[in-house]
Structure formats: C-alpha cells, structure tokens
Amino acid sequence: MENGRLPTVGKPIRCRAAVSRKPGEPLAIEEVTVDPPMPHEVRIRIICTSLCHSDITFWRMKDPPGCFPRIFGHEAVGIVESVGENVDEVTEGDVVIPTFMSDCGECADCKSKKSNLCSKLPFKVSPWMPRYETSRFKDLNGEVLYHFLFVSSFIEYTVVDVAHVTKIDPATPPNRACLIGCGVSTGVGAAWRTANVEAGSTVAIFGLGSIGLAVAEGARLCGAARIIGVDVNPDKFEIGKKFGVTDFVNAGNTDNKSLSQMVNEMTGGGADYCFECVGLASLVHEAYASCRKGWGKTVVLGVDKPGSQLTFSSFDVLHNGKSLMGSLFGGLKAKSDIPILLRRYMDKELQLDEFVTHEIGFEDINKAFELLIEGKCLRCVIWMGK
Ligand SMILES: [Zn+2]
Ligand SMILES: [Zn+2]
C-alpha cells in the first residue's frame, strides 16, 4: 500500500482499529476510515494506549448508554497528524495525551481554580465527538462506528477535540505517559487536588485496585504519614506497600466489626482522609463513618449502579462536621496538571513504572481484556506498532 506515503492532511485515513461489535465479545481488528478533523479538532496517531476498567464496563453493557459498534480506549498518548481550523494550541508532530475530561480554558469552571468540571464541553458518556455530536469513524461498508469518552484510542488514528488534548514533553516514555490519561491520574489527583492531603496525615483507602493504589501513591507524594489499605484480598497489601500503604485491613476478616470500627480503632477516632474506590454505596457510608469528626474528608471515586442512593442522618451530618466529595479525573485540570505529573515522573518522584504489569502489541488487544478481568494486571500497555 502506498497510502502511507501520500499526504493525509485533509483526507480520510484508512487504518486498523479494534472494533467492539457486540457486548462482551472479543474485539476485531478491522480496516476502518478516519475522517479529517473538523474545526477545533485534532487527528492523532496513537503510539501507546492502556486498558482501564471503564472500557470493560462499557464493553459489557448491553443496554444504553452501551452502544455498538464502538471503538473503546481512553488512556493513550499519540502524535498530532493534522489539525482542523481554529486549532493553534497544538500542531503536526506534537506529542499529546487525549483525555475524557475537557479543559476548554474559557468557561467559568475552567477559569476557576476550584473545579475541573468544564461546562462548555461537559463530561458525559456519549457515542459522538463532543462539539458536533457526530462520528469520525466508519467501517469499510460505510457503517458509522461510535466514539468512547471523547478519546477512542484502540485505533491507529483517532480524532479528539482540542479541549480534550494536552501537549506533553516528547521525551516522556509513551508506555508511561499513556497511564496519565485516566486511572493513575484519577487516583493521584484525588489525593493531591481533591482532598489536598497534608504531610503527616492519615489516609484510609477502600479498595486497592489500580485507582486505590494510585490514591496511595498520591497520598505518599503528599507526605501522608499513615496509609491504611482496605480490601478483601490480602495479597493487595504486598502490592500496596510499593505505593506507600503502611497498614492493611482485611475486609473479609474483621471479627464481626464494621470496617469503620476497625479504622476508628486503628486511628484513635478516624482517618483524616478516606477514599472510596470500589463503587458501592454501602462502602461510601463506611468510608464516611471512618473519617474524623470535625475535619475528616471522604472522597468518592467509585461508580455504583445507576440510580444508587446515599442516605445520611441529618443529625450525624450536623454534629460531625465532615465533608463528602466526588472526584472526576481526580479533580485535575488536564492542561495544567498533566505536565506537572509527568515532570514529577521524570524527576523520579511519581511512580508509574510499578503500575505497568504487562505490555503487548495491538493485535493481542483481547489479551489485555483477559488479564484485567482475571485481576492479574494493574495496567496493560498496548503498543500500536507501525
Ligand atoms: Zn470549560
Ligand atoms: Zn478510565
């Protein structure tokens, strides 16, 4: 094929994608076409991508917002191939990280230091590009392929809105940079930006999956003195120690005590910061009950089933003076905070290598799904190859 040698700017690109055609079924590597970027959009050649649990959640989803055929993937790094009109922020050849959260820089929320919830291009689970509500992908029969989380990185070339693109230092190793697109940033950011963990404080983390471990890493970077990991799997303590976990509560063996009783006893009245990283309303209640009266902060990172409710006694809320916060993408503002995290990685402060348990080629992408589902992996990096 001579296609690769012809200028691609302004034209559709034919390339390979891992297409998810039916819920829960292996992805198929197919030839697809990727339209050129519209105004405010960027077409990116993906170098590395990694698999996150949200990809699996939506890949399994038979009912809306699940939809097929779709191109998943939302943790990635790539090189700008071309840009649409009105894009000055990045140019051909720049190394970028696409993110599911936008950072438009113009709306009241993006201008405020207090929020990362852009209201111009708000976060939602959409099958389209954010600005035009259309797709840039088609299969060779002309059928539309849906986008995922405004990124869709299980493809050689993707199109992303410039508000969802952060330019990074090209010296950053791509098989580490891609992790910053979702999971690790969410956990580290929750400790650093959302909770603002202070040096010397005590932290309790409910659920030591990759997000919980990333919270531990963030708390460790913030100088937390004590990091209590809570999980049903005792093997997680050994893994957690690498990320600063100092104490462990085996949630499967608590001598008939509640988890909050355990944490309250261990800390003499509750942790300063608690993080729920599983996605269970009952565990949010335990986390809230585990943080210290007066100043304790509980941060919710897990996603429970749609419609699930939290119920608190108004007496407890009034008398205990605690805070409860949600945190999307760890409260990070992509364009300003991603470069800080990557610099801290290059300065050997932030650990990223320890999250990468597997690296595979694009054609083996279904292996990444198997590894994550079996719980054998924190992050599997997928190299797109040439
Ligand atoms: Zn905004
Ligand atoms: Zn994710």
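Remember, predicted model here, so these are calculated numbers, not experimental data. (Residues numbered from 1 in each chain as written. Chains lettered and ligands numbered in written order. Predicted model: local features only at pLDDT ≥ 70, side-chain atom pairs only at ≥ 80, totals over all residues. Heavy atoms only, no water.)

1. A short note on the sheet that holds strand β15 (residues 323-326)
Read across the sheet, 6 strands follow the order β12-β11-β10-β13-β14-β15 without closing on themselves; strand pairing throughout is parallel. Both outer strands of the open sheet, β12 (247-250) and β15, are each paired with one neighbouring strand and no more. Averaged over all pairs of adjacent strands, the angle between their axes in this sheet comes to 20°, without regard to strand direction. Helix α4 (residues 183-194) contacts β13 (273-276), β14 (297-300) and β15 of the sheet and is inclined by roughly 145° relative to β14. Lying over the sheet, helix α5 (residues 210-221) contacts β10 (202-206), β11 (226-231) and β13, oriented at roughly 170° with respect to β10. (Pairing = 2+ DSSP bridges. Helix = DSSP H or I, 4+ residues; strand = E, 2+ residues; numbered from the N terminus. Axes fitted to C-alpha atoms, helices over the stretch in contact; angles between N-to-C directions. Contact = heavy atoms within 4.5 Å.)

2. Some points on the pattern of salt bridges
Per the stated rule, a full pass over the model turns up 23 salt bridges. Its salt-bridge partner being E106, residue K120 comes within 2.7 Å of it at the nearest N-O pair. With K120 in the loop between α2 (108-111) and β6 (137-139) and E106 in the loop between β5 (95-98) and α2, the pair connects residues that are 14 residues apart, well separated along the chain. In this structure, E217 engages R220 in a salt bridge whose closest nitrogen and oxygen atoms are separated by 2.8 Å. Highlighted residues: E217 and R220, both in helix α5, separated by 3 residues, approximately one helical turn. Overall, the relative accessible area of 0% leaves E217 in the buried class. By relative accessible area, R220 is classed as partly exposed at 32%. Through salt bridges that share partners, R21, E30, D139 and E143 make up one connected network. (Salt bridge = Lys/Arg side-chain N within 4 Å of Asp/Glu carboxyl O. Buried < 20%, exposed > 50% of the residue type's maximum accessible area, 1.4 Å probe, protein only.)

3. Let's talk about the packing of aromatic side chains
Tallying each qualifying case throughout the model produces 11 aromatic pairs. Centroid distance W59 to F369: 4.9 Å. Interplanar angle 65°. Geometry classified as edge-to-face. One end of the pair, W59, is in helix α1 (residues 53-60); the other, F369, is in helix α11 (residues 365-373), with 310 residues separating them in the sequence. Taking relative accessible area as the criterion, F369 reaches 3% and is therefore assigned buried. Look at F72 and F148: their rings are 4.8 Å apart centre to centre, the planes differ by 70°, and that puts the pair in the edge-to-face class. On the criterion of sequence distance, the pair formed by F72 in the loop between α1 and β4 (75-83) and F148 in the loop between β7 (144-145) and β8 (157-161) is long-range, its members being 76 residues apart. Taken together through their ring pairs, the aromatic side chains of F58, F68, F72 and F148 make up a single cluster. Above the ring of W192, the side-chain terminus of R193 is found at 4.0 Å from the ring centroid. K241 extends its terminal NZ or CZ atom over the ring of F237, reaching a point 4.7 Å from the ring centre. (Phe/Tyr/Trp six-rings, centres within 6.5 Å; stacked < 30°, edge-to-face > 60°. Lys NZ or Arg CZ within 6 Å of the ring centre and 35° of its normal.)

4. Overview of the coordination of the zinc ion (ligand 1)
Coordination of the zinc ion (ligand 1) by the protein comes from C104 (SG), C107 (SG), C110 (SG) and C118 (SG), over a distance range of 2.3 to 2.4 Å. Every donor counted, the 4 donor atoms about the zinc ion (ligand 1) form angles of 102 to 117° at the centre, which fits tetrahedral coordination. Mapped onto the sequence, the donors of the zinc ion (ligand 1) take the spacing C-x2-C-x2-C-x7-C. When sorted by exposure, C104 lands in the same class as C107, which is buried. (Donors = N, O, S within 2.8 Å, 3.2 Å for Na, K, Ca; no water. Tetrahedral: all angles 85-135°; square planar, octahedral: opposite > 155°, others 65-115°.)

5. Observations concerning the pairing of β12
In this sheet, β12 lies alongside β11 in parallel orientation, the contact comprising 4 bridges. Across the sheet, the residue bridging to V230 is V249, located in β12. Once the chain exits β11 it traverses helix α6 (residues 235-241) before rejoining the sheet at β12, and the crossover so formed is right-handed. (Right-handed = clockwise from strand over helix to strand, strands pointing away.)

6. Some points on the confidence of the model for the chain
Taken as a whole, the chain shows an average pLDDT of 96; of its residues, 98% reach a score of 70 or greater. The low-confidence segment residues 1-5, where pLDDT is below 50, has 1 contact with residues more than four positions distant or belonging to other chains. (pLDDT = per-residue confidence, 0-100.)

7. Thoughts on the sheet that holds β6
Strand order across the open sheet formed by 4 strands is β1-β2-β6-β7, with antiparallel pairing between neighbours. Whereas interior strands pair on both sides, the edge strands pair on one side only; in this sheet they are β1 (13-19) and β7. Bridge count for β6 against β7 is 2 bridges, and the pairing is antiparallel. Within the sheet, the bridge partner assigned to F137 lies in β7 and is L145.

8. Brief notes about α4
Across the 12 residues of α4, 11 count as buried, placing the element largely inside the fold. Within α4, burial applies to G183, V184, S185, T186, G187, V188, G189, A190, A191, W192 and T194. N196, located one to two residues past α4, shows a positive phi value of around 55°.

9. Focus on the side chain of S153
Along the polypeptide, S153 turns up in the loop between β7 and β8. If sequence neighbours within four positions are ignored, S153 has contacts with I46, T49, F72, G73, H74, E75, A76 and M384.

10. Considering the packing of α4 against α5
At a minimum axis distance of 7 Å, the contact between α4 and α5 shows a crossing angle of 45°. Between α4 and α5, the interaxial angle falls into the category oblique. Judged by the twist between their axes, the crossing of α4 over α5 is right-handed. Packed against α4, whose contacting residues are G183, V184, T186, G187, V188 and A191, the element α5 presents I211, A214, V215, E217, G218 and A219 at the interface. Considered class by class, the residues forming the contact of α4 with α5 number 7 nonpolar, 4 polar and 1 charged. (Parallel < 35°, antiparallel > 145°, perpendicular 65-115°, else oblique. Left-handed = near helix turned anticlockwise from the far one by under 90°. Nonpolar A, V, L, I, M, F, W, Y, C, P; charged D, E, K, R; others polar.)

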